[in-house]
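Close look at the chain arrangement
Residue strings, one per chain:
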Amino acid sequence: MWSCTTNSCQAAIGLSPRLKIKRKTQFTSSPVPYLEREKEKQKTRLLQRDQRGWERESSMMIRRNLWLVKILVFLFALNSLSFYFYFSSNSKPFTSHQSHYQNPQSVTVNRLPLTENHRFQNHPRYSKPWPILPSYLPWSQTPDVPFRSCEAYFGNGFTRRVDLLRPEKTHAGWFRCWFSETLRSSVCEGGSVRMAPERIRMSAGGESLEEVIGRKEEEELPVFEDGAFEIDGGAGSDGETSRLATQDFLNEYVPEGEVSRHTMRQLIGSVRVVPADKFECHEAPLEETWNALFSSLRYAKNFTGPVCFRHAILSPLGYETAMFKGLTEEINCNGASAQDLWQNPDDHRTARLSEFGEMVRAAFGLPVHKHRAEKPVSGHNVLFVRREDYLAHPRHGGKVESRLSNEEEVFNFLKSWASNHKDCKINLVNGLFAHMSMKEQVRAIQDASVIIGAHGAGLTHIVSAMPKTVILEIISSQYRRPHFALIAHWKGLEYHAINLDGSYANPPTVVDKLRMIMRSLRC
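Quick caveat, the model's predicted, so the values are computed rather than measured.

The buried fraction of strand β12 (residues 380–385) is high, at five of six residues. Both β12 and strand β13 (residues 426–431) contribute to a ladder of six bridges, which runs parallel. Along β13, the bridge assignment pairs Phe384 with Asn430. One ladder, built from four bridges, connects β12 with strand β14 (residues 450–454); its direction is parallel. When the bridges of β14 are listed, Leu383 appears paired with Ile451.

Written as structure tokens, this is what we have:
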């Protein structure tokens, strides 16, 4: 057999001495170590390939995470900017237009804040800061609120603007109204407004009940004479005093409706536009309203001289609100959560009453983000709202009224049943609201799983009740009105009623109704 042993021969056929030695080794060595080395090499190659794949995946994951971080930072910045613009645009108090016509007879301290150079930031109590409420939804700013929708009844249905006095005309005072087609009423506001208490006649107030027994309602309402309120006409008055609102305007935007004496209509009808040199004030501006919800409360009759308002707001009468409209017309609105309405808008559902209840709780420093657990560790609070006998109203002829004649008996019967209830712990709360501060009353409502009470003003607090609170109203035959059933319905609360023949309630009947309610609460 032909063989090649020289280097030149090996080079001729493409072999190197190193390869020859290796091939000799392959044939002359034992096959077992060779296989083991090949396995090791293959394992090393697989590990190297896996490591390269892991490195590629890690690199892709790092890039993806960096993108996610960038997106989150961008969203956070966008959200922060949104909050900044929202609060900066909604926190600026209203300022009237600059007056170019200074009255030398006016008191300086009263006149200067009406100009642009003296904004309301010098008056920290002008506006009360509020937390972001869980049930807050933006108010409509368009005139497209559907007629008789929930938003028209409980939100900003006052969307039709009517200007009676424009600031660009007077460069001083102004006045406008916002009309609601649904409520057939207006919210009006004005700047540089002066009140003259000497032209307002009203009852003295503070009399003992015995002194006012039999007094008619008309005698309690204020009477506004011409010029009871005045507006600084500035340059647009031409030196003459004029009436602000015509009779046609009042008929269209502040109609009397079913109200026998419409005091707000009379007030607006009394407003006069006066020249700048006749617009005088001699007392500090009235800026305070209610202590809890706003700042404080002062009555017009307590002022002895004219009072100037930088910004006055005239609200509709209570008879023109949804509460009274609900007595004569059907309001198709169900309570819902704001979160649900965000995702599923519905003209026949509302969160406005819950929003107002949270506003009340926030006003008294109570938590607004609190949510009741399905099974409270400390037991279910059953609040029994007590109603003491009292002389309710002078027009009732001095008769002491009782909505629940055996209230003490019912309460003691409930207390005995609750103390012996074995399925779960029930804390019966004695709601003597007449002897509790307003904050204590609101806290008791907030902490209650069930609220029981006779028909009366104390049950108005259910507007501040937590979601899933159950209402049980005991209604005498004399006071069978749907006020609290409507509030519960509009808040989305479960409501039950016990209608009495007279004013006596059978205690076992009340307990049976409460037992059924507690079972629904898994108690």
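Anyway, onward from the coordinates.
Turning our attention to helix α16 (residues 507–520). In a regular helix each residue adds 1.5 Å, so 14 residues correspond to 20 Å; α16 covers 20 Å between its end C-alpha atoms and thus fits that length. Those residues of α16 that fall on the buried side of the exposure criterion are Pro507, Val510, Val511, Leu514, Ile517 and Met518. For α16, the arc enclosing every buried residue in end-on projection is 120 degrees, short of the 170-degree limit, so these residues lie on one face. Considering only its buried residues, α16 is in contact with β12, α13 (407–419), β13, β14, β15 (470–475) and β16 (494–499). Backbone geometry just after α16 places Arg522 at a positive phi near 60 degrees.

Looking at the protein chain, pLDDT values average 78 and 72% of them are 70 or higher. Contacts from residues 1–29, a stretch scored under 50 in pLDDT, to residues over four places away or in other chains number 13 contacts.

Summed over the entire model, instances satisfying the criterion amount to three disulfides. Here Cys150 engages in a disulfide with Cys333; their sulfurs sit 2.2 Å apart. Judged by the sign of its S-S torsion, about -130 degrees, the cystine formed by Cys150 and Cys333 is left-handed. Taken together, the positions of Cys150 in helix α5 (residues 150–154) and Cys333 in the loop between α10 (322–328) and β10 (334–335) put the pair 183 residues apart, joining distant regions of the chain. A single burial state applies to Cys150 and to Cys333, both of which are buried. Here Cys424 pairs with Cys523 through a disulfide, and the sulfurs are 1.3 Å apart. Its torsion about the S-S bond being -45 degrees, the disulfide of Cys424 and Cys523 is classed as left-handed. In this pair, Cys424 is assigned in the loop between α13 and β13 and Cys523 in the segment after α16, connecting sequence segments 99 residues apart.

Counting buried positions over the six residues of β15 gives six, a clear majority of the element. Strand direction decides the pairing type here: β14 and β15, joined by five bridges, are parallel. Bridge pairing in β15 links Ile451 to Ile471. The pairing of β15 with β16 spans six bridges and is classified as parallel. Each bridged residue has a counterpart across the sheet, and for Val470 the counterpart in β16 is Glu494. For the segment spanning β15, helix α15 (residues 483–491) and β16, crossover handedness is right-handed.

Reading the values: the criteria
Residues numbered from 1 in each chain as written. Predicted model: local features only at pLDDT ≥ 70, side-chain atom pairs only at ≥ 80, totals over all residues. Heavy atoms only, no water. Buried < 20%, exposed > 50% of the residue type's maximum accessible area, 1.4 Å probe, protein only. Helix = DSSP H or I, 4+ residues; strand = E, 2+ residues; numbered from the N terminus. Pairing = 2+ DSSP bridges. Expected span 1.5 Å × (residues − 1). Arc of directions from axis to C-beta. Contact = heavy atoms within 4.5 Å. pLDDT = per-residue confidence, 0-100. Disulfide = S-S within 2.5 Å. Right-handed = clockwise from strand over helix to strand, strands pointing away.

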